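What follows is the residue order along each chain.
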Amino acid sequence: MARVAITWKRSTIGYASNQRRVIESLGLHRLNHTVEHEDTPSIMGMVKKVRHLVTVDLVEQPKKRATKSKA
């Protein structure tokens, strides 16, 4: 599953308290803090609530190398 990097860019001062709780639930602690989460509907729903306060980027995962099995 894809991963997204969420960065807190704008302060929650002056916004509703439920938006502050969403920021905390995402695991963000301070401005310019970035966390990675799986791209699930619940995470994207939280991001949608605070989309004016955060930025979201897709995280590219490294390709897995094929390994030879000894048979």
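In the block above lies the structure referred to throughout.
Just so it is clear, the model here is predicted, and its values are computed rather than measured.

J.: Quick one: what's the story with the side chain of H33, residue by residue and with numbers?
T.: Take H33: it is sitting in the loop between α1 (17-25) and β2 (34-38). Discounting chain neighbours no more than four positions away, the residues touching H33 are I6, T7, W8, G27 and L28.

J.: Before we move on, could you go through the sheet that holds strand β3 (residues 54-59) and cite the residues and values that matter?
T.: Pairing within the open sheet is antiparallel, and its three strands lie in the order β2-β1-β3. If you trace the sheet from one side to the other, it starts and ends with β2 and β3, each paired once. Each strand of the sheet is rotated relative to its neighbour by a mean of 30°, with strand direction disregarded. Relative to β3, strand β1 (residues 3-8) runs antiparallel, the two being bridged by six bridges. Bridging from a neighbouring strand, R3 pairs with V59 of β3.

J.: Account for the nonpolar core, naming residues and giving values.
T.: In terms of nonpolar packing, the biggest core is built from 13 residues, with I6, I23, L26, L28, V50 and V54 touching the most fellow members. For this core, the elements supplying multiple residues, two or more each, are β1, α1 and α2 (41-49). The dominant element in this core, judged by the number of residues it contributes, is β1, at three residues. Those residues in contact with I6 that sit more than four places away from it in its chain are L26, L28, H33, T34, V35, H37, I43, V47, V54, T55 and V56.

Analysis parameters
Residues numbered from 1 in each chain as written. Predicted model: local features only at pLDDT ≥ 70, side-chain atom pairs only at ≥ 80, totals over all residues. Heavy atoms only, no water. Helix = DSSP H or I, 4+ residues; strand = E, 2+ residues; numbered from the N terminus. Contact = heavy atoms within 4.5 Å. Pairing = 2+ DSSP bridges. Axes fitted to C-alpha atoms, helices over the stretch in contact; angles between N-to-C directions. Core = buried A, V, L, I, M, F, W, Y, C linked by side-chain atoms within 4.5 Å. Buried < 20%, exposed > 50% of the residue type's maximum accessible area, 1.4 Å probe, protein only.

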